[in-house]
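Spelled out, the chains give:
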Amino acid sequence: MTEPIIIRGGRVVDPARRFDATADVLVEDGHVTGVRDGIAADGAHEIDARSLIVAPGFVDVHTHLRDPGLEYKEDIGSGTRAAARGGFTTVCAMPNTQPAMDTRATVEYVLRKAAAEALVRVLPIGAVSRERAGTALVEYGDLAEAGCIAFSDDGAPVADATLMRRALEYASAFVRPIIDHCEDPVLAHDAVMHEGWVSTRLGLRGAPAAAEATMVERDIALAEATGGHVHIAHVSTRAGVDAVRRGKARGVRVTAEVTPHHLTLTDEVVAFGAAGGEALLYETNAKVNPPLRSPNDVEACIEGLADGTIDCVATDHAPHAVIEKLCEFDDAAFGISGLETAFGLCMRLVHDGRLDLATLIERMTAGPVRALGLDRVAPGIGTLMDGGPADIVLLDPERRWTVDPQRFASKGTNTPLGGIELRGAVLATIAGGVVVYAQEAARV
Amino acid sequence: MTTTRETAARPVDVPSIAAAPDETAWRRRHLLDLDDFTPEEVGLVLTTTAAMKEVLAREVPRVPALRGTTIVTLFYENSTRTRSSFELAGKVLGADVINVAASSSSVTKGESLIDTVRTLQAIGADVIVMRHSRSGAPYLAARHTTAAVVNAGDGLHAHPTQALLDLYTMRARLGDVRGRRIVIVGDVLHSRVARSNMWLLTALGAELVVCAPPTLLPRGLGDAPGDRLPPVRVETDLDVAIRDADVVMALRMQNERMQGGFVPGVREYSRRYQVNEERLARARPGAIVMHPGPMNEGVEISHEVAHGLRSQVEEQVANGVAVRMAVLWLTTRVAGGSAA
């Protein structure tokens, strides 16, 4: 039993129920028990949400918690604290751990550790292939029973088309999507950034946008042929977005996600940093896979997110140790620590008039739940309905703050946004009826 | 020669560089790239180089200008000519020169570039001359040391002293490069020499033509926003590119590019892109031919052209020492080296 909470006077935005109005939200025993105006709740803990947005907790379908095996980068405790600070109440843990999440034992380890240490809900994603080696299928039935909500070899693409076909066919028996990191490994061989004028300027090897598009097209063709569900991880190119749009129009079971950084940053950040400038930086914190792309690709990602071609925002939170970024660009690890900046960064689209706030919230709540069918495993997440889990976030869309990676809860300080001012902040996060994060400014 | 003897007869403790230019115009701590060089700075390097040429022409080509200065050449890639050129440049100026040969794999074996650079600084290095297979590595080094970092070639990115010596060599034969048509032909995609030359020569108003098979052309040349890449003309047919050229610079074609499938093979490449007498007939009458070396004679350049009257290859090597003397001299002014 937890103390009842009443969240007073906020603008409640719950896109799943098309609800957008000023209301109180009552939380009892870890569940939402009322969303309406003027709730009487004597004795409940009062949270003053006037002038704030009250929304369902964000759902991230693409999080690298690094646990087990790579705890020096992140662990379930630190990763879920970072999630809470970012407004996320559910994270889907990618299986590129050591060992990979390719057996029930590893999945159960993660769930057991999450039960003990996690601040927010952790839903595991199983590997597509044993040891993520791209050759033999894992036991999808056993892993689905253990709690895996999808399968992915993320970090690596499923290069073998036959394996991808079998995975889509076999996983469909358990109504689980295959999440693919789409990148032709031959076309992208040795690449460390996007191929374009910036890679020419820096003398770095670039991956052409076509390396993504060719594999997105292949996966859609395979999903169409098998009836399986493919979810395209972190779409980053115009051609990739277009392929998904055409696939959806044909009725193929394809869904897609895009990261906050691919919606807002271009490959120029690798050269000149997120603040811009003239001096070459070789910014290793902007080295990420898929790479930051051209302005034209960023534009296509925004359009795709706005029109629903892309179902959801996913962080691809990829924390690394300092030393893995403090080195030559070619040798630096790929990835951005993204949970704690996701909302503020995406708010740029809202402030720039490219996306309305309700749509952004939809793409971070109901969108991911619908894309991966998460409500089968965790009913009621991504919305604020009576009886559903009390996963709630309090947002101040106007609040300006400066990113300080040293203050991250994540062990990964690897972000190109250090020192950058963002407009839009998470003020408090409630997960399962418990306040798991609150800024000092929050009237909690 | 009288002048030379008189200069050489000065007391050795006087840093005697004839017509020493006004080095206050030089504000760079490091020499990493030429992408932001002003024509004034280039002019300073050239006049300093001319002064250094004069030193090299003396009977005893030694001056104590950098006496007490420690220069470390830190080479993660083998390069006999560039390393010995810097080494000699430092020695002519009286500096102590230490050569460190580090292999790129030592990074993965343990010591990071940052640790290495800090170690060199701790033992007293004033200047670190660095060659590295990773683009941008000298930028990383420069952020972590108080020593001056001179880029002696980083990955596919830049090779500033090579471009400066190329420019010096061109000017010695042609005068001002403004309005001159300069063709760079070959593996531009993988060439740091081409990149640095593009920045330098276009900044001085040369008309630059870049020629390569489409597979060896870097992306974005000609369509980058603003001045984010140098303004060059791209041409895939050497017979067209070479027309009315004042300078033809051939780049080394490495065997691995053939094996990597960038071009079908040596036969087709040399037939279409070799700089030879027949093609040079289309260039301007006094056109010169350059090559950063080492040459693959019979591939990107014919034997006759490589050793013919137009060839500036040996001048390039000789001018390299003077240019590197100039660069070492100028960077130590700012880095606060212990030189007089």
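Residues numbered from 1 in each chain as written. Chains lettered and ligands numbered in written order. Predicted model: local features only at pLDDT ≥ 70, side-chain atom pairs only at ≥ 80, totals over all residues.

With that settled, consider the overall build of chain B. When helices and strands are counted, chain B shows 14 helices and nine strands. Within chain B, the fraction of its 340 residues that count as buried is 50%. Of all intrachain contacts in chain B linking residues separated by at least 6 positions in sequence, the fraction that spans at least 24 positions is 78%. (Helix = DSSP H or I, 4+ residues; strand = E, 2+ residues; numbered from the N terminus. Buried ≥ 20, exposed ≤ 12 C-beta atoms within 10 Å, placed from the backbone. Contact = placed C-beta atoms within 7 Å.)

With that settled, consider the overall build of chain A. Looking only at helices and strands, chain A features 13 helices and 18 strands. Taken against the 2.2 N^0.38 rule, which gives 22 Å for 444 residues, the C-alpha radius of gyration of chain A at 21 Å falls within 12% of a compact globule. With the C-alpha coordinates aligned to their principal axes, the bounding extent of chain A is approximately 65 × 55 × 40 Å. Considering chain A as a whole, with its 444 residues, one finds that 61% of them fall into the buried category. (Rg over C-alpha atoms; globule rule 2.2 N^0.38 Å.)

Turning our attention to the interface of chain A and chain B. With 19 residues of chain A at the contact, the number on the chain B side is 25 residues. Of the residues forming the side of chain A that touches chain B, the biggest block, five residues, is contributed by helix 5 (residues 197–202) of chain A. Of the residues in the side of chain A that touches chain B, the class split is eight nonpolar, five polar and six charged. (Nonpolar A, V, L, I, M, F, W, Y, C, P; charged D, E, K, R; others polar.)

Next up on the list: the domain arrangement of chain B. Size of an interface, as often reported, equals the accessible area lost when the parts are brought together. All names here are of chain B. Annotation of chain B at the domain level lists domain 1 (2–159 + 318–334) and domain 2 (160–313). Its C-alpha centre places domain 1 at a distance of 26 Å from the equivalent point of domain 2. Taken together, the contact pairs 25 residues of domain 1 with 19 residues of domain 2. Of all the secondary structure elements, the ones that give two or more residues to the side of domain 1 that touches domain 2 are helix 2 (39–56), strand 4 (148–154) and helix 14 (313–335). (Domains from an automatic or database assignment.)

To continue, consider helix 10 (residues 295–307) of chain A. Residues and elements named next belong to chain A. Compared with the 18 Å implied by 1.5 Å per residue over 13 residues, the 18 Å span of helix 10 between its first and last C-alpha is a close match. Residues of helix 10 that are buried: Asp-297, Val-298, Ala-300, Cys-301, Ile-302, Gly-304 and Leu-305. Contact partners of the buried residues in helix 10: helix 7 (238–249), strand 14 (254–258), helix 8 (260–264), helix 11 (342–351) and helix 12 (357–364). Positive phi shows up at Gly-308, right after helix 10, with a value of about 90°. (Expected span 1.5 Å × (residues − 1).)

Glancing now at the domain arrangement of chain A. All names here are of chain A. Each assigned domain of chain A is listed with its residue range as follows: domain 1 (5–53 + 390–438) and domain 2 (57–376). Here domain 1 and domain 2 have C-alpha centroids that lie 25 Å from each other. With seven residues, strand 17 (residues 421–431) is the largest single contributor of residues to the side of domain 1 that touches domain 2. A class-by-class count of the residues in the side of domain 1 that touches domain 2 yields 20 nonpolar, eight polar and four charged.

What follows deals with helix 2 (residues 104–117) of chain A. Residues and elements named next belong to chain A. An ideal rise of 1.5 Å per residue puts 20 Å on 14 residues; helix 2 measures up with 20 Å between its terminal C-alpha atoms. Residues of helix 2 that are buried include every one of Thr-106, Val-107, Val-110 and Ala-114, and no others. An end-on view of helix 2 places all buried positions within 100° of arc, on one side of the element. Counted as exposed and oriented over 90 degrees from the buried face of helix 2: Ala-105, Arg-112, Ala-115 and Ala-116. (Arc of directions from axis to C-beta.)

Further remarks concern the sheet that holds strand 8 (residues 247–250) of chain B. Residue and element names in this part refer to chain B. Spatial ordering of the open sheet is given by 7-6-5-8-9, a layout of five strands whose pairing is parallel. Every interior strand has two partners, whereas the edge strands, strand 7 (233–235) and strand 9 (288–290), have only one. In this sheet, adjacent strand axes meet at a mean angle of 20° when their direction is disregarded. (Pairing = 2+ DSSP bridges. Axes fitted to C-alpha atoms, helices over the stretch in contact; angles between N-to-C directions.)

On to the environment of Thr-214 of chain A, then. Residues and elements named next belong to chain A. With respect to the secondary-structure elements, Thr-214 resides in helix 6 (residues 210–226). Residue classification places Thr-214 among the partly exposed positions, given that 19 C-beta atoms sit within 10 Å. Separated by 51 residues in sequence, Thr-214 and Leu-163 place their C-alpha atoms 17 Å apart. Every residue in contact with Thr-214, bar those within four places of it in the chain, is listed here: Asp-184 and Leu-187.

All right, on to the sheet that holds strand 7 (residues 88–93) of chain A then. Residue and element names in this part refer to chain A. Spatially, the three strands line up as an open sheet ordered 6-7-8, and their pairing is parallel. A strand with exactly one partner marks an edge of an open sheet, and here the two such strands are strand 6 (58–63) and strand 8 (121–124). Averaged over all pairs of adjacent strands, the angle between their axes in this sheet comes to 20°, without regard to strand direction. Examined bridge by bridge, strand 6 and strand 7 share four bridges and lie parallel to one another. Its bridge partner lying in strand 7, Thr-63 is registered against Ala-93. The strands that helix 1 (residues 76–85) touches are strand 6, strand 7 and strand 8; relative to strand 7, the one it contacts most, it runs at about 135°. Here helix 2 sits on the sheet and contacts strand 7 and strand 8; the angle it forms with strand 8, its principal contact strand, is near 180°.

Residue and element names in this part refer to chain A. Here the residue pair Asp-67 and Pro-68 is connected by a cis peptide bond, since its omega of 15° sits within 30 degrees of zero. Inspection of the secondary structure assignment puts Pro-68 in the loop between strand 6 and helix 1. In this structure, the amide linkage connecting Asn-289 to the following residue, Pro-290, adopts the cis form with an omega of 0°. Mapped onto the secondary structure, Pro-290 falls in the loop between helix 9 (268–272) and helix 10. Even without being glycine, Asp-29 reaches a positive phi, approximately 50°. We classify Asp-29 as exposed; it has 12 C-beta atoms within 10 Å.

With that out of the way, let us pick up the confidence of the model for chain B. Residue and element names in this part refer to chain B. Counting all residues, the mean pLDDT for chain B is 90, and 89% of those residues have values of 70 or more. Across residues 1–15, where pLDDT falls below 50, the model places 17 contacts with residues more than four positions away in sequence or in other chains. Residue range residues 336–340 is modelled with pLDDT below 50. Its contacts to residues more than four positions away, or to other chains, number 14 contacts. Both scores are available for the predicted complex, with the pTM at 0.94 and the ipTM at 0.92. (pLDDT = per-residue confidence, 0-100.)

Bringing the nonpolar core into the picture now. Counting residues in hydrophobic clusters, the biggest one holds 130 residues, and the most contacted among them are Ile-128, Val-183, Val-185 and Val-248 of chain B. Leave out the neighbours within four places in its chain, and Val-248 of chain B touches Val-183, Val-185, Ile-242, Val-275, Leu-280, Ala-283, Ala-287 and Val-289 of chain B. In this structure, Val-35, Ala-49, Leu-384 and Leu-394 of chain A belong to the second largest nonpolar core, which totals 123 residues. (Core = buried A, V, L, I, M, F, W, Y, C linked by C-beta atoms within 7 Å.)

With that out of the way, let us pick up the packing of helix 7 (residues 160–174) of chain B against helix 8 (residues 192–203) of chain B. Residues and elements named next belong to chain B. One way to put it is that helix 7 packs onto helix 8 with a least axis distance of 8 Å and a crossing angle of 55°. As summarised for this structure, helix 7 and helix 8 are arranged oblique, according to the angle between their axes. Seen along the crossing, helix 7 lies across helix 8 with a hand that is right-handed. Between helix 7 and helix 8, the contacting residues are Pro-160, Gln-162, Ala-163, Leu-164, Asp-166 and Leu-167 on the first element and Val-193, Ser-196, Asn-197, Leu-200 and Leu-201 on the second. Broken down by class, the residue content of the contact of helix 7 with helix 8 amounts to seven nonpolar, three polar and one charged. (Parallel < 35°, antiparallel > 145°, perpendicular 65-115°, else oblique. Left-handed = near helix turned anticlockwise from the far one by under 90°.)

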